[in-house]
2 protein chains.
Amino acid sequence: MKAVSIKEIFKNSQDYIEKEIAVQGWIKTVRDSNKFAFIELNDGTFFKNIQIVLESNKVENFKEIVKYPISTAIRVVGKLVTAQGAKQDFEVNAINVELLAPSTVDYPLQKKRHSFEYLRTMAHLRPRTNTFSAVFRIRSLAAFAIHKFFQEKNFVYVHAPIITASDAEGAGEMFQVTTLDMNNLPKNDNEVDFGKDFFGKKTNLTVSGQLEAEIYALAFQNVYTFGPTFRAENSNTARHAAEFWMIEPEMAFADINDNMNVAEEMVKYIINYCLENAKEEMEFFNSFIDKGLFDRLNNIVNSNFERITYTKAIELLEESGQKFDYPVKWGIDLQTEHERYITEKIFKKPVFVTDYPQEIKAFYMRRNDDGKTVAAMDLLVPGVGEIIGGSQREERLDVLEQRIKENNLDLETYWWYLELRKYGGVKHSGYGLGFERMIMYLTGMSNIRDVIAFPRTVGNAEF
Amino acid sequence: MKAVSIKEIFKNSQDYIEKEIAVQGWIKTVRDSNKFAFIELNDGTFFKNIQIVLESNKVENFKEIVKYPISTAIRVVGKLVTAQGAKQDFEVNAINVELLAPSTVDYPLQKKRHSFEYLRTMAHLRPRTNTFSAVFRIRSLAAFAIHKFFQEKNFVYVHAPIITASDAEGAGEMFQVTTLDMNNLPKNDNEVDFGKDFFGKKTNLTVSGQLEAEIYALAFQNVYTFGPTFRAENSNTARHAAEFWMIEPEMAFADINDNMNVAEEMVKYIINYCLENAKEEMEFFNSFIDKGLFDRLNNIVNSNFERITYTKAIELLEESGQKFDYPVKWGIDLQTEHERYITEKIFKKPVFVTDYPQEIKAFYMRRNDDGKTVAAMDLLVPGVGEIIGGSQREERLDVLEQRIKENNLDLETYWWYLELRKYGGVKHSGYGLGFERMIMYLTGMSNIRDVIAFPRTVGNAEF
């Protein structure tokens, strides 16, 4: 008999009720008395477990089975019946139980609660726990929602290069990539001779695929990247990882308002997709991880995001009378405390802040007519602060060249980026969404290490 | 007036015919006489161009417009009308043409044909050509088809780590990742002190996410990875890139036959998805890149893939009387010439070859009862040879330990991989599909550099 998945049973229980079925999975808990035993079984297809009921005088090897340690894999043939006053509507009355793969009593994740810190050292087992099962299913669904959203809009998915010889933002500390024998480096005038390296030059891991996405937007109009990016920042916070995934849409014939429209629609789409397709997981997060989660997410889905300029934001902060650790004045980069105050206290909903001073933003953002601000847009959300950063791009060749020089960057390096402005370089806009920040936001998980399967941070590259 | 996308016009022309519309895009060609001019306009949303007809006495600036160089961006307001005996069913009679962004007469991709080699040096402009526009739209659609296929089957998408301290296959030349200053390396006993590196140890770019996928399969049952992988092989072939994307499904409670079933279904799904969702692009490939393409793809979609053992394959090759450069005998690794002979000459359809000698396969493949073969499966397809490699995994702790030792690998490194076998380590199987190989197969493109937006190969990391 072919095993039925537990998801299938939960979704279409009426098709199986009063029928003999086979299920297979891993034991989550066993409770037993002399006469009865109850096994919570999970097969990985669904967040919830199915309950298996064993009667001692009906099931062979009853005494062995009730001693199976957690995580033992079994196959059960039994009848699906309506449950008597249990949490679930149905359960399986076991006829036969077969051992598929044993576990041991020293299985590290016993029933008692473990701290997230401890579970990080068990990255090979933690997806078997409720919390991480929920996190990583949400992560998978959110990733698919993003693809679906953009594909339905006819955006072309571009794989930006991971290894690159250029530094997209002229900032950011980077990881170097090499095949040179570091114990025996080829030298030239006492300097390492990168001409002998694999690519014939010094290369790094990408910090952003945006510049390459612009290439493709100027061919396909609407494109997006979705891939890993890297920052070698020596910061040990709950929000920074050295390796993370980023989504970077880029749209030609689009200005900063079009950009905000797409970003707003996307955020709502991802949230709705997860609420609809992972009800059980989302309820778990709302009950056990972040009691305000549903309120917060529903608020986002049902709001029209506010849109204000940076200048207005500074005014509002100054007028607020609120004391901040980092004093507010025009020209400063907004800190998380400011961002959260704006979105949580002033507007109580997501806020796009636009038109930042050009000094605090990247060279490629389009300079506004006032000569001092650029067409940047950051999306601030309650509970987190900035979740999306983007801009209209500088499409004017002369202005772009000037901005590159002002930033002390090398014009030569950007030859192809500049050429895009020579051959039909229409206005275009784009933004970046840090995927892990979005997952943290969706789940209420507060440490980025707990939404990445195998997190890479300073001093940690396990598994 | 909001511009209508060219895709929308082609898909629903009846909604726009005889109506005034706005379109915007880049000029592909201009043909003109004194009285009329014809502009082929493309906005990136669709493979085909729309034809704009300009009458000299109706359109202002007619004389300027007809001199616009290729890749100039314009906005056209005009009436969509039924075309008179043209290739297309409709065209736009221009009323007004507005310059959005100029191009220049030295635009590098003039109308004449360019070699693919030349276009590789123009990676920032080549997506604007017919061939690369088709390639990269197919690439996007195929990527989405893969996600859709697995998500519909309730597989969980896992992001395997890119930076890793372990070598999944115990083989493969790897790129090293470091933040150490290579001109000033910290030393310890004359050796580089990687304890001072970012992660506190030596790290590399991943060659495969399989081992990590196994972790997740033993929690979620069915999972897949889809991410970049890296090989620092010094090989300058048309089929090897240093950076490429790989799909690695992994399924618990699944043996090698289940594995083959999913692989076969997936390949057919991807092909059908592209044939249905990119008709114009696929017709282009069939007409201009590979005249046998449709025959080949239809053959795959309509075949039941053959399944034979390696031992049988060797017998058939020996019996064939065919002379091979690399002599055939039991124990050899199959070369492309052998693989292609099997799939193209003997079976004339895709063939799974299973149960290879354990000496030529990786340590983690499940040893068969004969003690000399392993439950490996490679999928061979006409025109290419191997496109998928996979296996049932060794789930028996004692056998796996023995295989690791036999391969002179370090047991300690695999502690977590071995633990998976201790705690409910059910049978499981998986495979890897090289994404670029699949794209080459789908399009008939013969060089991997032409299906990667910004290819990385020995000596090349441009853009």
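Bear in mind that the values here come from a model prediction, so they are computed numbers and not experimental data.

Here's the deal with the relation of the copies chain B and chain A
Thought 1: Once turned by 180° and shifted 0.0 Å along the axis, chain B lies on chain A with an RMSD of 0.0 Å. This pairing of chains is accounted for by a two-fold axis. For chain B, the minimum C-alpha distance to the rotation axis belongs to Val177(B) and amounts to 2.4 Å.
Thought 2: The residues that chain B uses at the interface reappear at the interface of chain A in 100% of cases, marking a shared surface.

Description of the packing of aromatic side chains
Centre-to-centre distance and the angle between the planes together describe a pair of aromatic rings.
All names here are of chain B.
Thought 1: Counting across every chain of the model gives 74 aromatic pairs over all chains.
Thought 2: Between Phe-305 and Phe-352, the ring centres sit 6.0 Å apart and the planes meet at 45°, which makes this aromatic pair tilted. Taken together, the residues Phe-305 in the loop between helix H8 (293-302) and strand E14 (306-309) and Phe-352 in strand E15 (residues 351-357) connect sequence positions 47 residues apart.
Thought 3: Given a relative accessible area of 5%, Phe-305 falls into the buried group.
Thought 4: An angle of 65° between the planes, with centres 6.4 Å apart, marks the rings of Tyr-414 and Tyr-417 as edge-to-face.
Thought 5: Here Tyr-417 falls in the buried class, since its relative accessible area comes to 0%.
Thought 6: The ring of Tyr-417 has Arg-421 lying over it, and the distance from NZ or CZ to the ring centre is 4.0 Å.

Remarks on unusual backbone geometry
Residue and element names in this part refer to chain B.
Thought 1: Within the chain, Asp-189 stands out as a residue other than glycine whose phi angle is a positive 55°.
Thought 2: Along the chain, the position of Asp-189 falls in the loop between strand E9 (187-188) and strand E10 (191-192).
Thought 3: Note on Asp-189: relative accessible area 73%, which makes it exposed.
Thought 4: The backbone of Asn-190 sits at a positive phi, close to 75°, despite the residue not being glycine.
Thought 5: Tracing the chain through its elements places Asn-190 in the loop between E9 and E10.
Thought 6: In this structure Asn-190 comes out as exposed when scored by relative accessible area, which is 67%.

Here's the deal with the pairing of strand E15 (residues 351-357) of chain A
All names here are of chain A.
Thought 1: Summarising burial for E15: seven of the seven residues are buried, a large majority.
Thought 2: With four bridges connecting them, strand E14 (residues 306-309) and E15 associate as parallel partners. The residue bridging Glu-306 from the neighbouring strand is Val-351, located in E15.
Thought 3: Where E15 meets strand E16 (residues 373-381), six bridges bridge the pair, whose relative direction is antiparallel.

Describing the pairing of strand E12 (residues 222-230) of chain B
All names here are of chain B.
Thought 1: Burial within E12 is extensive, with nine of its nine residues counted as buried.
Thought 2: In terms of strand pairing, strand E6 (residues 156-158) meets E12 through three bridges, oriented parallel. Looking across to E12, one finds that Val-156 is bridged to Val-223.
Thought 3: Taken together, the nine bridges between E12 and strand E13 (residues 243-252) define a ladder with antiparallel strand orientation. Looking at E13, one finds that Thr-229 is bridged to Phe-244.

Observations concerning the confidence of the model for chain A
Thought 1: Residues at a pLDDT of 70 or more form 98% of chain A, whose mean pLDDT is 95.
Thought 2: Across the interfaces of the predicted complex, the ipTM metric reaches 0.97, alongside a pTM of 0.97.

A few points about the interface of chain B and chain A
Thought 1: Contact with chain B, which involves 106 residues of that partner, is made by 106 residues of chain A.
Thought 2: Both faces considered, chain B and chain A share a buried interface measuring about 8900 Å² in area, 64% of it formed by carbon and sulfur atoms.
Thought 3: If you look at where chain B meets chain A, you find two salt bridges.
Thought 4: For the salt bridge of Lys201(B) with Glu462(A), the shortest nitrogen-to-oxygen distance reads 2.8 Å.
Thought 5: Counting across the chain B and chain A interface gives 39 residue pairs in polar contact (both at pLDDT 80 or more).
Thought 6: No other element matches helix H4 (residues 130-152) of chain B, which puts 12 residues into the side of chain B that touches chain A.
Thought 7: Broken down by class, the residue content of the side of chain B that touches chain A amounts to 59 nonpolar, 31 polar and 16 charged.

A word on the domain arrangement of chain A
All names here are of chain A.
Thought 1: Here the domain parsing of chain A yields domain 1 (4-99) and domain 2 (124-170 + 206-448).
Thought 2: Distance between the C-alpha centres of domain 1 and domain 2: 45 Å.
Thought 3: On the side of domain 2, eight residues touch domain 1, which itself brings seven residues to the contact.
Thought 4: Regarding the contact of domain 1 and domain 2, the summed buried area is about 640 Å², with carbon and sulfur atoms giving 48% of it.
Thought 5: Considering only the surface of domain 1 that becomes buried against domain 2, Lys-28, Phe-46 and Phe-47 emerge as the three largest contributors, covering 69% of it.
Thought 6: On inspection of domain 1 and its partner domain 2, the count reaches zero salt bridges.

Examining the packing of helix H9 (residues 310-319) of chain B against helix H10 (residues 336-346) of chain B
All names here are of chain B.
Thought 1: The geometry of H9 relative to H10 is characterised by a closest axis approach of 11 Å and an angle of 80° between their N-to-C directions. Here H10 runs roughly perpendicular to H9, going by the angle between their axes. Touching Ala-313, Leu-316 and Leu-317 of H9 are His-338, Tyr-341, Ile-342 and Ile-346, all from H10.
Thought 2: Class assignment of the residues belonging to the contact of H9 with H10 gives a composition of six nonpolar, one polar and no charged.

The rules we used
Residues numbered from 1 in each chain as written. Chains lettered and ligands numbered in written order. Predicted model: local features only at pLDDT ≥ 70, side-chain atom pairs only at ≥ 80, totals over all residues. Heavy atoms only, no water. Least-squares fit on C-alpha atoms with pLDDT ≥ 70 in both. Contact = heavy atoms within 4.5 Å. Phe/Tyr/Trp six-rings, centres within 6.5 Å; stacked < 30°, edge-to-face > 60°. Helix = DSSP H or I, 4+ residues; strand = E, 2+ residues; numbered from the N terminus. Buried < 20%, exposed > 50% of the residue type's maximum accessible area, 1.4 Å probe, protein only. Lys NZ or Arg CZ within 6 Å of the ring centre and 35° of its normal. Pairing = 2+ DSSP bridges. pLDDT = per-residue confidence, 0-100. Buried area = accessible area lost by both parts, 1.4 Å probe. Salt bridge = Lys/Arg side-chain N within 4 Å of Asp/Glu carboxyl O. Polar contact = N/O pair within 3.5 Å; in protein donor to acceptor, adjacent residues only side chain to side chain. Nonpolar A, V, L, I, M, F, W, Y, C, P; charged D, E, K, R; others polar. Domains from an automatic or database assignment. Axes fitted to C-alpha atoms, helices over the stretch in contact; angles between N-to-C directions. Parallel < 35°, antiparallel > 145°, perpendicular 65-115°, else oblique.

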